[in-house]
Amino acid sequence: MSLEKGLSQRAIERSCRISHSTVNEYLKRAKKAGLSWPLPEGMTEESLYQKLYPERQKDAPRDKAMPDWEKVRKELARKHVTLKLLWDEYLENDPNGYKYSQYCELYRRWLRKQDPIKRNEHKAGDKMFVDYAGDTVPVIDPETGEIRQAEIFVAVLGASNYTYAEAHWSQNLPNWIYAHVRACNYFGGVTDAIVPDNLKSGVKKPDFYDPDINPTYQAWAEYYGVVILPARVAKPRYKAKVEAGVLVVERWILARLRDRKFYSLTALNQAIEQLLEELNNVPMQQSGLSRRTVFEDIDKDALNPLPDIPYQLTLYKIARVHVDYHVEYEKHWYSVPHSLIHEEVTLRVTEHLVEIFHKSQVDPVATHPRSHAHGRFTTSPEHMPKQHSFQTEWSPERFLKWAEEIGPATRGCIQTILQARQYPEQAYRSCLGILNLANKYGKQRLEDACQQISTEAPISYREIKTILDLQPVPPQLVETNLPPHTNIRGKLYYN
């Protein structure tokens, strides 16, 4: 444009859309290098660059050996290793090597050319990604022939891709927690963080900035000294490791099991375990190394140790204290101090213990051994109220008087229920339920139902309600002619 067309620098600036100073610099460098237009035949981009910028050729890294970038990537996966540290070690072996900025730039260029999965650099022992496979496996009940679908849990270590998988019946909280326990046992240690999907068993309310972690899941994480970092909702790339791991498990394990029939969950897990060993031992396509080899080289020594004492599942439940100062957990009733009647409490339940907390108190207000007996009560005498103070609200005499207003048969049933319990207060809930049936079915129908029940056998609310539901509804008197009234307009109003 300048030498052949004779255009000014401003015209060249507008045409090429570059700054005036850049145009001026190029023309000065071309004049100093003795360049004319057209350029000599055979001149390449590289030779042109050398003529325009001869001062930069002095530092040109012609004889510098290129670092082993694959080794650099592997070292960066180790804990506390940085690119600056690796560059320092590189200069110790090659003092005339690349400067730090160029070293980093060359590594980034190399990394961009690798497989996209490798772009996310994961530190050794940093994260474990967990999720469920989309596919399930049918398991046949050998006695009934019923087919149940088993869920497949998958865990993947971020740095090595070392994979764990197992089958269980559902994605409920106990299965979710103990699957984590078995995965950590399989890996032989615990990562610094766990990245789950937003499954209800793990995350009660997803939120990118402040997710609401399930209390049981959080208690497990604190016991193992691990941080829960839920993936972003509808953002698979934030848990790409486990997404790829699930795909590998589905293709490598589940696809191989598609024609096999399983008659127990144990048999299915044994088959998964066998194929899982093969999966972790087969070389990966990109690196040529197996998952187990990379795990033992990178992840194994970086994992945090497992707890000395095996984890005991802890479940939480919010409950309200009833008038009998008991709260229910799995159809068993546990007492609390009677002063907490109608209050909301939190139950912390382990395999052998039930602890009850009120509001934000650190110490439990009640502690009981866990019982699996349905419909029974566990009552501490110190939780019972003094008789004189409790009679002002609820007492056996009050329930008997209330029942007597309905009829003698109803009174007999209530008296039998009160006498059948070790403490009368344990029967208050059943008594309230039975007497409140009069509001729905009427006093006479309740009295008739109670007459059909033998007071010598155990009496329950459910039994009386069943009788009432089976009773024919008595005919009711209905007026066929409406009385005259100023608010009744009649059919002529709408003509």
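Structure first, text after, so check above.
This report concerns the structure included in the present document.

Rules used in this analysis
Residues numbered from 1 in each chain as written. Predicted model: local features only at pLDDT ≥ 70, side-chain atom pairs only at ≥ 80, totals over all residues. Heavy atoms only, no water. Helix = DSSP H or I, 4+ residues; strand = E, 2+ residues; numbered from the N terminus. Buried < 20%, exposed > 50% of the residue type's maximum accessible area, 1.4 Å probe, protein only. Contact = heavy atoms within 4.5 Å. Areas by Shrake-Rupley, 256 points an atom, 1.4 Å probe, with all protein chains shown as cover. Phe/Tyr/Trp six-rings, centres within 6.5 Å; stacked < 30°, edge-to-face > 60°. Axes fitted to C-alpha atoms, helices over the stretch in contact; angles between N-to-C directions. Left-handed = near helix turned anticlockwise from the far one by under 90°. Nonpolar A, V, L, I, M, F, W, Y, C, P; charged D, E, K, R; others polar. Core = buried A, V, L, I, M, F, W, Y, C linked by side-chain atoms within 4.5 Å. Pairing = 2+ DSSP bridges. Parallel < 35°, antiparallel > 145°, perpendicular 65-115°, else oblique.

## A short note on the overall build of the protein
Along the backbone of the protein there are 17 helices and 15 strands. Burial analysis of the protein (495 residues in total) assigns 40% to the buried set. For the protein, contacts bridging at least 24 residues in sequence account for 59% of all contacts bridging at least 6. Carbon and sulfur atoms provide 51% of the accessible area of the protein, an area that totals close to 30,200 Å².

## Notes on the packing of aromatic side chains
A ring pair, where both rings are aromatic, is described by two values, the distance of the centres and the angle of the planes. Per the counting criterion, the structure on display carries 22 aromatic pairs. Plain terms: the ring middles of Tyr132 and Phe153 are 5.8 Å apart, the flat faces sit at 75 degrees to each other, and that makes the pair edge-to-face. Of this pair, Tyr132 sits in strand S1 (residues 127–132) while Phe153 sits in strand S3 (residues 147–157), placing them 21 residues apart in sequence. Among the residues examined, Tyr132 registers a relative accessible area of 8% and is labelled buried. Ring geometry for Tyr164 versus Tyr186: centroids 5.2 Å apart, planes at 45 degrees, classification tilted. One end of the pair, Tyr164, is in strand S4 (residues 163–168); the other, Tyr186, is in helix H7 (residues 173–187), with 22 residues separating them in the sequence.

## Quick notes on the packing of helix H16 (residues 443–451) against helix H17 (residues 461–470)
For the pair H16 and H17, interaxial distance at closest approach is 9 Å and the crossing angle is 115 degrees. Viewed along their axes, H16 and H17 form a crossing whose handedness is right-handed. For the pair formed by H16 and H17, the contact residues are Arg445, Leu446, Ala449 and Cys450 on the first element and Ile464, Ile467 and Leu468 on the second. Looking at the contact of H16 with H17, its residues break down into six nonpolar, no polar and one charged.

## Quick look at the nonpolar core
If you look at the biggest cluster of nonpolar residues, it comprises 69 residues, and the most contacted ones within it are Trp220 and Leu268. By residue number, the principal contributor to this core is H7, which donates eight residues. Residues in contact with Leu268, not counting those within four places in the same chain, are Val137, Val139, Ala150, Ala167, Leu257 and Phe262. Counting residues in each nonpolar core, the second largest holds 27 residues, with Leu432, Ile434, Leu435 and Ile464 among its members.

## Quick notes on the sheet that holds strand S11 (residues 332–335)
Spatially, S10-S11-S15 is the arrangement adopted by the three strands of the open sheet, whose pairing is mixed. The open sheet terminates on both sides in strands that have one partner only, identified here as strand S10 (326–329) and strand S15 (377–378). Summarising the sheet, S10 and S11 pair through four bridges and their orientation is antiparallel. Its bridge partner lying in S11, Glu328 is registered against Trp333.

## Some details on the packing of helix H14 (residues 408–420) against H16
H16 packs onto H14 with a crossing angle of 60 degrees between their chain directions and a minimal axis gap of 7 Å. Our classification of the angle between H14 and H16 gives oblique. Here the hand of the crossing between H14 and H16 comes out left-handed. Each of Pro408, Ala409, Thr410 and Cys413 in H14 lies in contact with H16, whose residues at this interface are Leu446, Glu447, Cys450 and Gln451. Split by residue class, the contact of H14 with H16 holds five nonpolar, two polar and one charged.

## With respect to the sheet that holds strand S12 (residues 344–349)
Pairing is antiparallel across the open sheet formed by four strands, whose spatial order is S9-S12-S13-S14. This sheet does not close on itself; its edge strands, each paired only once, are strand S9 (315–320) and strand S14 (366–369). Averaged over all adjacent pairs, the angle separating strand axes in this sheet is 20 degrees, with direction ignored. Relative to strand S13 (residues 353–358), S12 is paired through five bridges, and the arrangement is antiparallel.

## Quick notes on the side chain of Thr314
Looking at the secondary structure, you find Thr314 in the loop between helix H11 (291–299) and S9. Setting aside residues no more than four positions away along its own chain, Thr314 makes contact with Thr216, Arg348, Val349 and Thr350.

## Brief notes about the environment of Val282
Its location among the elements puts Val282 in the loop between helix H10 (265–281) and H11. According to the relative accessible area criterion, Val282 is partly exposed, its value standing at 27%. In sequence terms Val282 and Arg292 are 10 residues apart; their C-alpha atoms lie 8.5 Å from each other. With residues near it in sequence (within four places) discarded, Val282 still touches Trp252, Leu289, Ser290 and Arg291.

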